[in-house]
Number of protein chains: 2
Amino acid sequence: MSVYQATASAPVNIAVIKYWGKRDTKLILPTNSSLSVTLDQDHLRSTTTSRADPAFTQDTLWLNGKIDEIKAGGRLETCIREMKRLRKEIIEDKDASAPKANQVDLRSLQLSEYKVHIASYNNFPTAAGLASSASGFAALVSSLAQLYSLVPPLVSPSTLSLIARQGSGSACRSLYGGFVAWEQGVRPDGSDSLAIEVAPQAHWPEMHALICVVSDTKKGTSSTSGMQRTVETSTLLQHRIKEVVPARMAAITTAIQQRDFDTFARITMADSNSFHAVCLDTEPPIFYLNDVSRAIISVVVEYNRLSVERGEGYKAAYTYDAGPNAVIYALEKDIKEIIQLVLAYFPQTAGEFKDVLGVFGGSVQDVNVHAKIPEGFNDKVASKWEVGSVKGLIHTKVGDGPRALAPEEALLNADGIPKTLA
Amino acid sequence: MSVYQATASAPVNIAVIKYWGKRDTKLILPTNSSLSVTLDQDHLRSTTTSRADPAFTQDTLWLNGKIDEIKAGGRLETCIREMKRLRKEIIEDKDASAPKANQVDLRSLQLSEYKVHIASYNNFPTAAGLASSASGFAALVSSLAQLYSLVPPLVSPSTLSLIARQGSGSACRSLYGGFVAWEQGVRPDGSDSLAIEVAPQAHWPEMHALICVVSDTKKGTSSTSGMQRTVETSTLLQHRIKEVVPARMAAITTAIQQRDFDTFARITMADSNSFHAVCLDTEPPIFYLNDVSRAIISVVVEYNRLSVERGEGYKAAYTYDAGPNAVIYALEKDIKEIIQLVLAYFPQTAGEFKDVLGVFGGSVQDVNVHAKIPEGFNDKVASKWEVGSVKGLIHTKVGDGPRALAPEEALLNADGIPKTLA
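Residues numbered from 1 in each chain as written. Chains lettered and ligands numbered in written order. Predicted model: local features only at pLDDT ≥ 70, side-chain atom pairs only at ≥ 80, totals over all residues. Heavy atoms only, no water.

A few words now on the overall build of chain A. Summing up its helical and strand segments, chain A has eight helices and 16 strands in all. Against the 2.2 N^0.38 benchmark of 22 Å for 422 residues, chain A shows a C-alpha radius of gyration of 22 Å, consistent with a compact globule. On the principal axes, the C-alpha backbone points of chain A span a range of 70 × 50 × 40 Å. Each of the 422 residues in chain A was classed as buried or not, and the buried ones make up 58%. Entry remark: accessible area of chain A is about 16,800 Å², with carbon and sulfur atoms responsible for 52%. With 43 positive and 46 negative side-chain charges, chain A shows a spacing of 2 Å between the two charge centroids. (Helix = DSSP H or I, 4+ residues; strand = E, 2+ residues; numbered from the N terminus. Rg over C-alpha atoms; globule rule 2.2 N^0.38 Å. Buried < 20%, exposed > 50% of the residue type's maximum accessible area, 1.4 Å probe, protein only. Areas by Shrake-Rupley, 256 points an atom, 1.4 Å probe, with all protein chains shown as cover. Lys, Arg positive; Asp, Glu negative; His and termini not counted. Charge placed at Lys NZ, Arg CZ, Asp CG, Glu CD.)

Structure (structure tokens):
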């Protein structure tokens with residue numbers, strides 16, 4: 001008997017047009033479309049192994065080696081159930097009605113009836129404050145898609161994104177690499193609220209990102225509860241939804257297609273500001289940006305001012321999700337200068353997240369020796385912060401979509417139990 | 001020969017519906033109406049003495065004992081010129097056409113042609129971060145109105161507010177005590193953009209205010225330049241102007257008329273949030289709130305949550321102008337509890353601004369012994385800040401409009417020079 005098991009990894013994505021607000025909280029249907037850049041899995045990823053076995057007695061999931069309860073009616077249960085349903089509908093039922101076993105695959109046609117064991121692992125610590133739900137649910141859906149042979153051309157990433165969306169809204173955007181839109185859709189059943197590829201990774205591989213992991217003492221408001229409070233109480237959100245976002249979606253899509261970084265940067269920053277503005281316009285108000293976040297904004301603003309003065313247009317674009325961390329998008333040619341500038345204001349300890357050494361040749365131990373403020377930069381725009389204010393820097397770039405991994409990369413052992421338990 | 005001199009004081013006002021954006025920057029015509037509470041001059045005030053003398057060779061103004069240049073076409077020049085014009089139009093010209101000297105006053109009919117010396121003094125230090133332009137221009141206009149006999153019933157505060165507005169927009173609201181609206185008006189010449197009294201001080205004297213003076217390292221964006229940047233770049237401001245503010249103006253006016261603190265508080269906080277939201281939605285974004293401001297908001301939000309749980313409705317309302325200082329409005333019966341709560345999170349040094357001792361009997365040296373968190377309050381909503389984070393507390397209340405002061409309170413000596421020079 002063969003082993004029914006598959007392992008996949010999926011990337012993190014960081015939106016440049018933000019998702020904030022649901023019109024259906026159960027199906028996770030958004031109040032506006034959004035658009036993101038998929039980040040490179042070589043740096044940040046979730047990896048998931050799924051295994052179906054008639055001997056398993058119940059669906060079980062381990063997250064980072066620890067059992068995560070699959071609650072009835074919960075998001076995990078929904079995704080697993082929907083993937084089983086898709087398997088049954090597209091392969092098993094179809095085969096039953098018109099038996100052509102050799103056109104599907106050699107695997108059991110009863111696979112969707114077996115219980116599954118799933119192990120998922122994020123390669124970035126929770127302490128980094130990076131949302132793992134997008135990459136996590138994308139990896140879950142991708143590994144189940146491999147397990148169930150729900151792969152192109154039979155099933156597109158867009159179709160899988162309909163299911164990942166029900167795990168975590170932004171997870172749907174991690175089903176593609178490159179530049180990805182989540183179209184809000186109009187149907188009540190959510191069948192048109194899915195991810196589409198705006199441009200692949202290869203279209204604009206020079207798009208880099210610097211994640212500044214910002215310390216925060218305050219426990220933030222969860223995005224799930226926060227966004228609904230905004231929907232219920234903000235007097236500005238509806239205008240953002242109806243007027244502001246549609247125009248920006250169109251404009252940034254064109255900017256990406258034309259590889260127009262200046263426009264991309266302006267829209268990205270404006271939409272981050274707009275998102276945090278509607279958070280503030282919530283009762284009670286939601287704040288995700290702290291004084292360090294503000295200081296990073298001031299540094300990026302001055303960097304762009306200088307760049308515009310030199311006739312080079314905007315060269316850096318900050319964006320903030322539901323937390324204090326900054327993600328700075330920039331082109332490969334400028335990323336070294338930007339890292340040097342960030343180091344000048346936010347000196348680093350010898351932390352774990354130092355994927356910035358690449359731009360310096362990787363040979364130096366103390367990355368702070370590279371701190372440098374460009375000539376003509378008004379260094380009064382922010383004061384220099386103490387070590388630890390930005391507790392880590394992650395340098396990455398636009399990446400590809402979910403990957404099918406080789407059997408030896410599986411997270412489950414021969415008995416279907418995680419190789420590493422927490 | 002008699003001395004043509006008058007001294008007046010004028011109050012600070014703190015808006016609950018915020019003014020942000022001009023439709024005419026020269027005439028200072030706003031993009032939306034606003035509404036404020038006038039604060040008690042016994043605590044915070046600007047005092048101004050104006051003197052007209054045929055012997056003076058030029059209009060001269062001293063602010064806090066230091067000469068402040070009256071630039072041609074500038075705001076000071078505009079206010080002085082407009083007051084002279086009003087004097088000429090309403091009294092001198094009228095008298096010339098129909099000479100009835102005894103119906104005006106005994107003073108010279110040529111008074112508007114004399115040069116003036118003006119001394120102005122704010123009783124609160126610039127370090128407090130409180131805008132002095134509103135009380136300052138209101139005191140300037142009020143002292144000139146006294147000097148020129150432009151007083152009721154001949155001239156109403158609303159008419160004077162048209163001139164104060166051209167000195168500093170929000171100054172027009174300091175021409176009345178109590179609760180004051182600045183109606184945006186529609187005429188291009190600004191003749192209907194003026195202050196009106198919504199309710200006098202005596203209508204709701206229980207309205208108290210606690211000003212929390214917050215330290216900030218960052219130099220903020222001036223409101224004059226900031227608001228025009230918002231007008232030019234924010235995609236949310238127009239919605240605020242057209243839809244949000246008009247509804248709030250009507251609702252808070254009713255709340256004031258009905259002495260409905262719960263509604264007053266909800267609208268006040270919502271409009272402060274909305275104002276800071278459109279600041280954030282500006283390119284580049286404008287931030288006035290810092291981490292201490294945010295912590296004060298968290299404390300007020302939790303205080304209200306507890307109060308609502310107890311069936312008492314909202315009991316505190318924060319509002320923030322173009323800076324990090326909080327003003328907390330509350331009713332007299334609750335202000336002591338609120339001061340105790342603020343002291344628990346933001347301990348005080350023996351600073352200058354301690355007009356909070358009144359509620360404790362005024363006998364204690366170290367005000368921090370009064371720190372107290374109400375039972376049932378979730379003290380995890382904010383961490384306790386170090387001494388100096390809130391560098392002063394000013395406890396005040398709703399107050400009256402500009403006052404005519406006695407000759408012995410004059411700031412100018414017999415020679416028309418400030419008694420105290422900086």
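Bringing the sheet that holds strand 6 (residues 45-53) of chain A into the picture now. By definition, the strands of a sheet pair up through backbone hydrogen bonds, in either a parallel or an antiparallel sense. Residues and elements named next belong to chain A. One open sheet holds the six strands; their spatial order is 8-7-9-6-1-16, and the pairing between them is mixed. In this open sheet, the two edge strands, each paired with only one partner strand, are strand 8 (66-67) and strand 16 (403-405). Across the sheet, helix 2 (residues 133-147) touches strand 1 (4-11), strand 6, strand 7 (60-63), strand 9 (115-122) and strand 16, and the angle it forms with strand 6 is around 35°. (Pairing = 2+ DSSP bridges. Contact = heavy atoms within 4.5 Å. Axes fitted to C-alpha atoms, helices over the stretch in contact; angles between N-to-C directions.)

Residue and element names in this part refer to chain A. The strand order across the open sheet built from four strands is 2-5-10-11, with neighbouring strands paired in antiparallel fashion. Bordering the open sheet on either side are strand 2 (13-17) and strand 11 (195-199), each of which pairs with just one other strand. The mean inter-strand angle of the sheet, taken between neighbouring strand axes irrespective of direction, is 35°.

By a simple turn and slide, chain B fits onto chain A: the slide is 0.0 Å along the axis, the RMSD is 0.0 Å, and the turn is 180°. Taken together, the rotation and translation describe the operation of a two-fold axis. Minimal C-alpha separation from the rotation axis in chain B is found for A277 of chain B, amounting to 2.1 Å. Interface residue correspondence from chain B to chain A reaches 100%, placing this contact among same-surface, isologous pairings. (Least-squares fit on C-alpha atoms with pLDDT ≥ 70 in both.)

Below, the discussion takes up the packing of helix 2 of chain A against helix 3 (residues 157-167) of chain A. Residues and elements named next belong to chain A. Interaxial distance between helix 2 and helix 3 falls to 9 Å at its minimum, and their mutual angle equals 140°. Considering the angle they form, helix 2 stands oblique to helix 3. Crossing geometry of helix 2 relative to helix 3 is assigned as right-handed. Side by side, helix 2 and helix 3 meet where F137, V141 and A145 of the first sit next to L160, I163, A164 and G167 of the second. Among the residues forming the contact of helix 2 with helix 3, the class breakdown is six nonpolar, one polar and no charged. (Parallel < 35°, antiparallel > 145°, perpendicular 65-115°, else oblique. Left-handed = near helix turned anticlockwise from the far one by under 90°. Nonpolar A, V, L, I, M, F, W, Y, C, P; charged D, E, K, R; others polar.)

The next subject is the side chain of N304 of chain B. Residue and element names in this part refer to chain B. With respect to the helices and strands, the residue N304 is situated in helix 7 (residues 291-309). Here the side chain of N304 touches A316 through a polar contact of 2.8 Å, landing on its backbone oxygen. Residues in contact with N304, not counting those within four places in the same chain, are M269, Y314, K315 and A316. (Polar contact = N/O pair within 3.5 Å; in protein donor to acceptor, adjacent residues only side chain to side chain.)

Attention now goes to the interface of chain B and chain A. At the junction of the two partners, chain B supplies 30 residues and chain A supplies 30 residues. Taken together, both faces of the contact between chain B and chain A bury some 2,600 Å²; the carbon and sulfur share is 60%. There are two salt bridges connecting chain B and chain A. Contributing elements (two or more residues each) for the side of chain B that touches chain A: helix 5 (237-257), helix 6 (261-280) and helix 7 of chain B. In terms of residues, the side of chain B that touches chain A owes the most to one element, helix 6 of chain B, which gives eight residues. (Buried area = accessible area lost by both parts, 1.4 Å probe. Salt bridge = Lys/Arg side-chain N within 4 Å of Asp/Glu carboxyl O.)

Residues and elements named next belong to chain A. One can read the domain layout of chain A as domain 1 (4-204 + 404-409) and domain 2 (207-397). Between domain 1 and domain 2, the residue contacts involve 33 residues of the former and 51 residues of the latter. The largest share of the area that domain 1 buries against domain 2 comes from K18, W20 and W204, three residues that together contribute 29% of it. At the surface where domain 1 touches domain 2, the tally comes to two salt bridges. We note a salt bridge from D40 to K397, for which the minimum N-O separation is 3.0 Å. (Domains from an automatic or database assignment.)

All names here are of chain A. You can see V369 is positioned in the loop between helix 8 (332-345) and strand 15 (390-397). Owing to a relative accessible area of 56%, V369 belongs among the exposed residues under this scheme. Sequence-wise, V369 and L343 are 26 residues apart; in three dimensions their C-alpha atoms are separated by 8.6 Å.

So, about the environment of Q41 of chain A. Residue and element names in this part refer to chain A. For Q41, the location among the structural elements is in the loop between strand 5 (34-38) and strand 6. Only 3.4 Å separates the side chain of Q41 from the backbone nitrogen of A10, close enough to count as a polar contact. One polar contact links Q41 to D400, side chain to side chain, over a distance of 3.0 Å.

All names here are of chain A. Under the criterion given, the structure shown has 26 aromatic pairs over all chains. Centre to centre, the rings of Y345 and F346 are 6.4 Å apart; their planes meet at 45°, and the pair counts as tilted. An identical accessibility class is assigned to Y345 and F346; each is buried. Here the aromatic residues F179, W204, F261, F264 and Y329 are joined through ring pairs into a cluster of three or more. Sitting over the face of the ring of Y314, R266 holds its NZ or CZ atom 3.9 Å from the ring centroid. (Phe/Tyr/Trp six-rings, centres within 6.5 Å; stacked < 30°, edge-to-face > 60°. Lys NZ or Arg CZ within 6 Å of the ring centre and 35° of its normal.)

Before going further, it helps to spend a moment on the pairing of strand 14 (residues 326-331) of chain A. Residues and elements named next belong to chain A. Summarising burial for strand 14: six of the six residues are buried, a large majority. Across the two faces of strand 14 the burial is the same, with A326, I328 and A330 and V327, Y329 and L331 all buried. For strand 12 (residues 207-214) and strand 14, the ladder comprises six bridges, and the chain directions are antiparallel. Its bridge partner lying in strand 14, I211 is registered against V327.

Moving on: the side chain of D271 of chain B. All names here are of chain B. When you line up the elements, D271 lands in helix 6. Of the polar contacts made by the side chain of D271, one reaches the side chain of R248; its length is 2.8 Å. The residues contacting D271, other than those within four sequence positions of it, are V16, I17, K18, R240, V245 and R248.

Residues and elements named next belong to chain A. One can find K84 in helix 1 (residues 75-97). In this structure, the C-alpha to C-alpha distance between K84 and L111, residues 27 residues apart in sequence, is 8.3 Å. What K84 contacts, discounting residues up to four positions off in sequence, is D59, S112, Y114, K115 and Y148.

Quick look at the pairing of strand 7 (residues 60-63) of chain B now. Residue and element names in this part refer to chain B. Here four bridges tie strand 7 to strand 9 (residues 115-122), and the two strands are oriented parallel to one another. When the sheet's bridge partners are listed, L61 is paired in strand 9 with I118. Summarising the sheet, strand 7 and strand 8 (residues 66-67) pair through two bridges and their orientation is antiparallel. Bridge assignment links W62 to a residue of strand 8, and that residue is I67.

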